[in-house]
Structure formats: structure tokens, C-alpha cells
Amino acid sequence: MLLSALVEKQRYASYMTTQMCFNPDAVAGWIPRLRERGVTMPIHLGVPGVTEIAKLMRLAARIGVADSARYLKKNRKIMGHLLSPGSFGPDALLEGLGPAVADPAVAIQRLHIFTFNEVGATVAWQQRMLAELAEVA
């Protein structure tokens, strides 16, 4: 049903934004299924920004991504580089999505970072990540 709606709506849109997910394998598997079903719009991939884990879990339950939050809770290694005790940073999620994001056929145009009103911490994370990427390049 969702895929059919996306196919129908794409004539009115120039891109689509996903809700956040913490499971890189689920995202990497879902996008090719979108493409196979004819959804061709570029994707703005919704990723969680930096926030306290407890706040992230409460928000995830409230906005309907509780299954993804449970995945995160069970697979603590996906929490990435902890910026401070009890905080979540999206590093490991993005590292897990790296091959999918790099594939031009996937057409991920940009990241949509959910800040949860933690703008300063998220901007600091983004600057650190960009600096690390510049060092590698």
C-alpha cells in the first residue's frame, strides 16, 4: 500500500523524505525495493541526530518507530560513537549505510537530520563528521 501511494504521489513531488530508522540493513534493503516498484524520486534519508538515549527512545515510541527503537536497544553497537555517557550519535548508522548511500542508483540526495531540539550537539557532530571525512579524502 505504501509503495503504491509513493508511486502515485511522485508525479507531484521532486523528492521524498524518510522517517528515521536505526537499522542500516533495513534501510539498505528497503530502498532497492522502492526502486524495483518504480519509485524514482531522490531520497532525503531521515536520520536521528545527537540526543540522550532516553529521549530518543521516548520520541521513537511516540512517533511510531518503536520497532526500530527496540532494534537499537538490542543492538547497542549500532549506537555508534557515544559522544557522552547516555547519548546517541548517528555515526555507526551512517557507517552501516555507507555502501547504500554511495550507490548512485539508490539516489540518496541528502540527509534529513532530526535534531530533537539538540541543535548545538547535532551541529557539533556534523562538523566533526565533515572534518573526519575531509581527512580521509
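Sequence order as written defines residue numbering, which begins from 1 separately in each chain. Two thresholds apply to this predicted model, a pLDDT of at least 70 for residue-level local features and 80 or more for giving and counting side-chain atom pairs, whereas whole-chain, interface and lining totals are computed over all residues. Hydrogens are left out, water is left out, and the side-chain values use all remaining heavy atoms of the structure.

Draft legend 1. The arrangement of the side chain of Q10 in detail. With respect to the helices and strands, Q10 occurs in the loop between α1 (2-9) and β1 (16-17). What qualifies as a polar contact is a pair of N or O atoms within 3.5 Å, subject to a donor-acceptor requirement within protein and to the restriction that residues adjacent in sequence count only when both atoms come from side chains. A polar side-chain atom of Q10 sits 2.9 Å from the main-chain amide nitrogen of T40. Should any heavy atoms of two residues lie within 4.5 Å, those residues are counted as being in contact. Non-local contacts of Q10, meaning those with residues more than four positions away in its chain, are made with G38, V39, T40 and M41. A helix here means a DSSP run of H or I that spans at least four residues, while a strand means a run of E at least two residues long, and both kinds are numbered starting from the N terminus.

Draft legend 2. Local environment of the sheet that holds strand β2 (residues 43-48). Pairing is parallel across the open sheet formed by 3 strands, whose spatial order is β1-β2-β5. Strands with a single pairing partner mark the edges of an open sheet, and in this sheet they are β1 and β5 (108-114). Across 6 bridges, the pairing between β2 and β5 is parallel. By the bridge assignment, V47 is partnered in β5 with I113. Contacting β1, β2 and β5, helix α2 (residues 24-36) crosses the sheet at an angle of about 160 degrees to β2. Two strands pair if DSSP finds at least two bridges between them. For helices, the axis comes from a line fit to the C-alpha atoms of the stretch in contact; other axes are also lines fit to C-alpha atoms, and the angle between any two N-to-C directions lies between 0 and 180 degrees.

Draft legend 3. Representation of the nonpolar core. M16 and L34 are the most contacted members of the largest nonpolar core, which has 20 residues in total. Elements with a minimum of two residues in this core: α1, α2, β2, α5 (91-102) and α6 (119-136). Once you skip the residues sitting within four places of it in the chain, L34 turns out to touch L3, L6, M16, V39 and I43. In this text, buried Ala, Val, Leu, Ile, Met, Phe, Trp, Tyr and Cys residues form a nonpolar core when linked through side-chain atoms within 4.5 Å. The classification of residues rests on relative accessible area computed with a 1.4 Å probe and restricted to protein chains. Under 20% of the type maximum is buried, over 50% is exposed, and intermediate values are partly exposed. Judged by nonpolar contacts, the second largest core, of 6 residues, contains M20, F22, L56 and F116.

Draft legend 4. Highlighting the confidence of the model for the chain. Residue-level pLDDT values for the chain average 80, and 80% of them are 70 or greater. pLDDT measures how confident the predictor is about each residue, on a scale from 0 to 100. Within the chain, no element has a lower average pLDDT than helix α4 (residues 66-74), which sits at 60, and none a higher one than β1, at 92. Under a pLDDT of 50 for its full length, residues 78-85 has, in the predicted model, 22 contacts with residues more than four places off or in other chains.

Draft legend 5. Up close: the pattern of salt bridges. Salt bridge, as applied in this entry: a Lys or Arg side-chain nitrogen positioned within 4 Å of an Asp or Glu carboxyl oxygen. Summed over all chains, the structure comprises 3 salt bridges. The partner of E132 in a salt bridge is R128, and the shortest N-O contact between them spans 2.9 Å. One end of the pair is E132 and the other is R128, both in helix α6 and 4 residues apart, which spans about a single turn. A residue is classified by how much of its surface remains accessible, and E132, at 34% relative accessible area, is partly exposed. Via salt bridges that share partners, D91, R128 and E132 belong to a single interconnected network.

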